[in-house]
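# Per-entry structural report
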Amino acid sequence: MSTKKKLKKIKRIAISTGGGDAPGLNAVIRAVALSGIKRGWEVYGIRDGFHGVLLPEQYHEEGGIVRMTREKVRGITHLGGTMLGTSNRNNPMRYPIEMPDGTIEEVDRTDEIVRALRLHHIDALISVGGDGSLAISDVLSKKGMRVIHVPKTIDNDLDKTDATFGFDTAVGFATESIDRLHSTAASHGRVMVVEVMGRYAGWIALHAGVAGSADAILIPEIPYDIRKVGKKIKDRDRMSRHYTIVVVAEGAKPAGGSVTIREHTIGKEERLGGIGEQVAHEIRSITDKETRVVVLGHLLRGGTPTALDRLRALRFGAAAVRALDDGQDGIMVALDPPRVKYVPISEAIGQMKYVPVDSDTVLTARDLGITFADADADID
Ligand code: F6P
């Protein structure tokens, strides 16, 4: 499974957290630090993704790479965010540099990361992140760095792992939000459109929508026909249910249409968002009902991780250190219930995990009378 490199005895490892934060990152950091220290290794944390090694001057006397001691990681398991900081800008594989003529060019700075880590005598890197960070792990590994990747995202869209930490916390918060919206929607006889994160996959919308008893769920995997959402609202009105909850994944798209993009900046992925407003606008014109939009956005990424996410994160962190101790390299830790397993990074990159449209959760939703407003099928 592991790529064969000359693996010398480990004395010093580093951990970095990259991409959007997810509840559970601090738990991973604690597990890596304590498991490494237990083996007699020195553990270092890289600040703000890889900025700590690429822009060390920004970190003054504390440095971009900091020693992780037992004291440093005490009492952090339950804290959201990441104590190391993170970044989803300035991907080192496509780092934006301003040229003398004022234009921006993207350059590959991954060689510099490998050099800097060697300079600090780092024997192995544990990189925690989503698909962008996974691609960086792959390159660093191919350039000779010993790397173990820990998958992270609230979106649950990483392939080869049954789940990622952060997802359960996000779904829990979205569900509670939908629960709260039921009473105000019912009191006013309104339509509430709830937009949730998830990028190009509908996991958060699906799980929270079903758990929170939404009436319609729009996900990227099932292009929607807005007329079917309108029909659902009118049918409910006829049954004296004068309110409707519509959960929309940020990556949802109408049949024949495309995802709604809020922003595209150099060195960063496109930022999705705005579909909630669009859906609400169309609902108003079809049904003439008062419609409000709630965008949960970054609230889904904040807050204390659930017990399930803490446990997943702690298990992933400890498993990453065990993998290094066992001489593994170039692998990603993955959840394969009930166990944690390892898969080659090269097998995990480049593929996203989408909601299977015939999954039992989708079928359950349909059996409960929830519509996906399927554009290409004669179903509600
Ligand atoms: O991947 C996690 C995620 O929260 C997505 O669901 C969302 O589209 C994106 O990050 C938002 O990123 P930013 O931090 O740039 O707003």
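Residues numbered from 1 in each chain as written. Predicted model: local features only at pLDDT ≥ 70, side-chain atom pairs only at ≥ 80, totals over all residues. Heavy atoms only, no water.

## A closer look at the domain arrangement of the protein chain
Split into domains, the protein chain comes out as domain 1 (12–165 + 305–348) and domain 2 (169–302 + 356–367). Taken over C-alpha atoms, the centre of domain 1 sits 32 Å from the centre of domain 2. Across the contact, 19 residues belong to domain 1 and 15 residues belong to domain 2. Here domain 1 packs against domain 2, burying approximately 1,600 Å² in sum over the two surfaces, 48% of which is carbon and sulfur. Counting the surface domain 1 buries against domain 2, the share from its top three residues, Ile154, Asp155 and Asp157, is 32%. The interface formed by domain 1 and domain 2 includes 4 salt bridges. For Asp131, the salt bridge identified is with Arg199, shortest N-O distance 3.1 Å. The interface formed by domain 1 and domain 2 contains 7 residue pairs in polar contact (both at pLDDT 80 or more). Of the residues in the side of domain 1 that touches domain 2, the class split is 5 nonpolar, 6 polar and 8 charged. (Domains from an automatic or database assignment. Contact = heavy atoms within 4.5 Å. Buried area = accessible area lost by both parts, 1.4 Å probe. Salt bridge = Lys/Arg side-chain N within 4 Å of Asp/Glu carboxyl O. Polar contact = N/O pair within 3.5 Å; in protein donor to acceptor, adjacent residues only side chain to side chain. Nonpolar A, V, L, I, M, F, W, Y, C, P; charged D, E, K, R; others polar.)

## As for the pairing of strand E8 (residues 191–196)
Where burial is concerned, most of E8 is hidden: 6 out of the 6 residues are buried. Where E8 meets strand E10 (residues 244–249), 6 bridges bridge the pair, whose relative direction is parallel. Looking at E10, one finds that Met192 is bridged to Ile245. As paired elements, E8 and strand E13 (residues 291–295) share 5 bridges and run parallel to each other. The partner of Val191 across the bridge, within E13, is Thr291. (Buried < 20%, exposed > 50% of the residue type's maximum accessible area, 1.4 Å probe, protein only. Helix = DSSP H or I, 4+ residues; strand = E, 2+ residues; numbered from the N terminus. Pairing = 2+ DSSP bridges.)

## Side note on the sheet that holds strand E14 (residues 331–336)
Strands sit in the order E3-E2-E1-E6-E7-E14-E15 across an open sheet of 7 strands; the sheet is mixed. Two strands close off the open sheet at either side, each with one partner strand: strand E3 (65–67) and strand E15 (339–344). Each neighbouring strand pair of the sheet contributes to a mean axis angle of 30°, computed without reference to strand direction. Sheet topology places strand E1 (residues 12–17) next to strand E2 (residues 42–46); 5 bridges connect them, and they run parallel. (Axes fitted to C-alpha atoms, helices over the stretch in contact; angles between N-to-C directions.)

## With respect to the packing of aromatic side chains
Under the criterion given, the structure shown has 1 aromatic pair. The lysine or arginine in question, Arg236, covers the ring of Tyr243, its NZ or CZ lying 5.2 Å from the ring centre. The ring centre of Trp203 lies 5.6 Å from the NZ or CZ of Lys353, which sits over that ring. (Phe/Tyr/Trp six-rings, centres within 6.5 Å; stacked < 30°, edge-to-face > 60°. Lys NZ or Arg CZ within 6 Å of the ring centre and 35° of its normal.)

## Considering the pattern of salt bridges
As enumerated under the stated definition, the model contains 25 salt bridges in all. Taking the shortest distance from any N to any O, the salt bridge between Asp235 and Arg238 comes out at 2.4 Å. Of the two residues, Asp235 and Arg238 are both situated in helix H7 (residues 226–238); the distance of 3 residues between them amounts to about one turn of the helix. Residue class for Asp235 comes out partly exposed when judged on its relative accessible area of 23%. Classification of Arg238 as exposed rests on a relative accessible area of 64%. Bridged by salt links that share partners, the residues Asp131, Asp155, Asp157 and Arg199 form one connected network.

## Focus on unusual backbone geometry
Phi is mostly negative for residues that are not glycine, and the peptide bonds are mostly trans. Pro338 follows Pro337 through a cis peptide bond whose omega is 5°. On the secondary structure map, Pro338 appears in the loop between E14 and E15. For His60, which is not glycine, the phi torsion reads 50° and is therefore positive. Take His60: it is sitting in the loop between helix H2 (51–54) and E3. Judged by relative accessible area, which is 62%, His60 ranks as exposed.

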